[in-house]
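# Topology and contacts: notes
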Amino acid sequence: MIKSIKEILLREIRFIIHDKNLISILLIAPIFYAFFYTSIYMNKTENDVAIIIVDIDNSTLSKKITRLIDAHQLLSVYKTSHDFSEAKADLLNNRAQAILFIPSNFEAELKQGKGGYIKLLINTTKFLVSNDINKAVNEVIGGLNYEIRLQYFLTNGYSVEQSKNLIEPLKTVISPLFNFTESYGDFLIPGVLLLILHQTLLIGLSESIAKERENNSLKDLYYLSNKSISSLIIGKGIFYGIIYSSYALFFFTIVFTVFKINVYGSAIALALSTLLMIATVIFLSIFISSFFERKIIAIQYLTLSSYPIFLISGYSFPLDSMPMTIKIISWLIPFTPYSRIAIRITQMGASFHHVTLELIHLILLSILYFSAAYIRINYLLKQK
């Protein structure tokens, strides 16, 4: 069995060397995509998002608010206007992402002890930008509000400590446990890298199996394996297991370091779960691609699967909130349990006992797809 697996492995290397499509998918695409897609989020957070200040009050306080807004790292005052219609037109033309409206008599009413208000209108079609604008403006106004109330109590004879307690009798301390910068880059980059591993392996190996069917060479592979379907599957997949284990090591060390993504949890648990994922995807690829008689058809269908797989995996949107049909499909995809394992290990510091259910899920999928691939290959060989 070992000899036949070795022969199939050497045959697979020759098989790939003479196919430019397989070379591009298996040897070029993983590295290229790893740096191309992740480089989009190199800065991880936005800076100087344009905002318009509609200052009807035109007071000392309103001008101070404008300066504080402009000084915030996330924000940049695109213009100060007295015409709301003009500001709205700029928003619709995408020249700015938000409008901060300061009404007339704003400062005067505050001095009279009346409540003042300002309105923030945000372009929420870009949820990341809108969340950051909302957070930044609230930080500025919250700080200014604290300053105004502190001065009020101090002028009424209270001490600094008494004033602080009156302003905020119940203090809330919010501390992010993971993704300490609360950036979109730290959230998305690991998921993109995991998807690249999953999809390039799925597409590359599927194209190789489809090519076997296209060339009517599956029978030759069977004889080379000494008529052992298990040896055929293992021999065909072992090269991909070796090369994608190397890619995974490269991603979790070099690429993570370049983009300042940390690994807080068990490296051993991460390595074993990655090897298990690679094996599962290999078996899945062999099973799925066995239904394609031409490799061009295989690549056309499977390339289109990348975005749907990412969407239904629960990585970007909670799986619990999806319809049951989508959940069932998601549970059948190796990326779903693996992404949960990898993110919890790398970002949350998880160890083996924290990801036991997901590991069992991957093991069951591995058994399922190996069995399915075995049955399908056996069926195809009998048809010859």
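Scroll up a little and you will see the structure.
This write-up is about the structure you can find in this document.

All right, on to the overall build of the protein then. Looking only at helices and strands, one finds 16 helices and four strands in the protein. Here the C-alpha radius of gyration of the protein, 29 Å, is well above what a compact globule of 384 residues would show, namely 21 Å. Here the protein holds 384 residues, and 46% of them are scored as buried. Summarising the internal contacts of the protein: among those between residues at least 6 apart in sequence, 77% fall at separations of at least 24. Per element, the accessible surface of the protein, about 20200 Å² overall, is 62% carbon and sulfur. Separation between the mean location of the 34 positive side-chain charges and that of the 27 negative ones in the protein comes to 10 Å.

This paragraph deals with the nonpolar core. One finds Tyr240, Tyr244, Ile282 and Ile286 to be the most contacted residues of the largest nonpolar core, which totals 72 residues. Every residue in contact with Ile286, bar those within four places of it in the chain, is listed here: Leu205, Ile209, Ile233, Ala373 and Ile377. In terms of nonpolar packing, the next biggest core, distinct from the first, is built from 19 residues, Ile51, Ile133, Ala136 and Leu144 among them.

Interaxial distance between helix H11 (residues 267–289) and helix H16 (residues 356–383) falls to 8 Å at its minimum, and their mutual angle equals 30 degrees. The orientation of H11 relative to H16 falls into the category roughly parallel. Considering only the axes of H11 and H16, their crossing is left-handed. For the pair H11 and H16, the contacting residues are Ser273, Leu276, Met277, Thr280, Phe283, Leu284, Ile286 and Phe287 in the first and Leu359, Leu362, Ile363, Leu365, Ser366, Tyr369, Phe370, Ala372, Ala373, Arg376 and Ile377 in the second. Among the residues forming the contact of H11 with H16, the class breakdown is 15 nonpolar, three polar and one charged.

Moving on to the pattern of salt bridges. Across all of its chains, the model carries 12 salt bridges by this definition. With its nearest N and O atoms 3.7 Å apart, the salt bridge here joins Arg213 to Glu293. On the criterion of sequence distance, the pair formed by Arg213 in helix H8 (residues 184–214) and Glu293 in the loop between H11 and helix H12 (295–303) is long-range, its members being 80 residues apart. Overlapping salt bridges, with partners in common, bring together Arg11, Glu12, Glu212 and Lys236 in one network.

Locating Thr274 in the fold gives a position in helix H11. Sequence-distant contacts of Thr274, defined by excluding residues within four places in its chain, comprise Ala248, Phe252 and Tyr338.

Attention now goes to the sheet that holds strand S2 (residues 75–81). Spatial strand order, S2-S1-S3-S4: four strands in an open sheet with mixed pairing. Taken across any chain shown, the strands that pair with only one partner, and hence form the sheet edges, are S2 and strand S4 (119–122). Ignoring which end each strand starts from, the neighbouring axes of this sheet average 25 degrees apart. In the sheet, strand S1 (residues 49–55) pairs with strand S3 (residues 98–102) via four bridges, with the strands oriented parallel. Bridged to Ile53 within S3 is Leu100. Along the sheet face, helix H6 (residues 127–155) touches S1, S2, S3 and S4 and points at about 165 degrees away from the line of S4.

Inspection of the entire model under this criterion finds 20 aromatic pairs. Relative to Phe250, the ring of Phe35 lies with its centre 6.1 Å away and its plane at 65 degrees, an arrangement referred to as edge-to-face. Here Phe35 is found in helix H2 (residues 20–39), whereas its partner Phe250 is found in helix H10 (residues 229–258), with 215 residues between them in sequence. Among the residues examined, Phe35 registers a relative accessible area of 29% and is labelled partly exposed. Of the residues examined, Phe250 reaches a relative accessible area of 25% and is grouped as partly exposed. Of the aromatic side chains, those joined through ring pairs into one cluster are Phe32, Tyr33, Phe36 and Tyr37. The ring of Phe15 carries the charged tip of Lys211 above its face, separated from the ring centre by 4.6 Å. Directly above the ring of Phe291 sits Arg376, whose terminal nitrogen or CZ lies 4.0 Å from the centroid.

The next subject is a nonpolar patch on the surface. On the surface, a cluster of nonpolar side chains totalling about 670 Å² of accessible area is made up of Leu27, Ile28, Phe32, Tyr33, Phe36, Tyr37 and Ile40. Topologically, Ile40 is positioned in the loop between H2 and S1.

So, on to H10. Taking 1.5 Å of rise per residue, 30 residues should cover 44 Å, and H10 covers 42 Å from first to last C-alpha, within 8% of that figure. For H10, the principal kink sits at Phe251 and spans about 35 degrees. Backbone geometry just downstream of H10 places Lys260 in the positive-phi region, at approximately 55 degrees.

Most of S3 sits out of view: five of its five residues are buried. Judged by which residues are buried, S3 turns out to be covered on both faces: Ala98, Leu100 and Ile102 on one side and Ile99 and Phe101 on the other are all buried.

Calculation criteria
- Residues numbered from 1 in each chain as written.
- Predicted model: local features only at pLDDT ≥ 70, side-chain atom pairs only at ≥ 80, totals over all residues.
- Heavy atoms only, no water.
- Helix = DSSP H or I, 4+ residues; strand = E, 2+ residues; numbered from the N terminus.
- Rg over C-alpha atoms; globule rule 2.2 N^0.38 Å.
- Buried < 20%, exposed > 50% of the residue type's maximum accessible area, 1.4 Å probe, protein only.
- Contact = heavy atoms within 4.5 Å.
- Areas by Shrake-Rupley, 256 points an atom, 1.4 Å probe, with all protein chains shown as cover.
- Lys, Arg positive; Asp, Glu negative; His and termini not counted.
- Charge placed at Lys NZ, Arg CZ, Asp CG, Glu CD.
- Core = buried A, V, L, I, M, F, W, Y, C linked by side-chain atoms within 4.5 Å.
- Axes fitted to C-alpha atoms, helices over the stretch in contact; angles between N-to-C directions.
- Parallel < 35°, antiparallel > 145°, perpendicular 65-115°, else oblique.
- Left-handed = near helix turned anticlockwise from the far one by under 90°.
- Nonpolar A, V, L, I, M, F, W, Y, C, P; charged D, E, K, R; others polar.
- Salt bridge = Lys/Arg side-chain N within 4 Å of Asp/Glu carboxyl O.
- Pairing = 2+ DSSP bridges.
- Phe/Tyr/Trp six-rings, centres within 6.5 Å; stacked < 30°, edge-to-face > 60°.
- Lys NZ or Arg CZ within 6 Å of the ring centre and 35° of its normal.
- Patch = residues over 30% accessible without salt bridge, like charges linked within 9 Å, V, L, I, M, F, W, Y side chains within 5 Å.
- Expected span 1.5 Å × (residues − 1).
- Bend = angle between axes of the 7 residues up to and from the residue.

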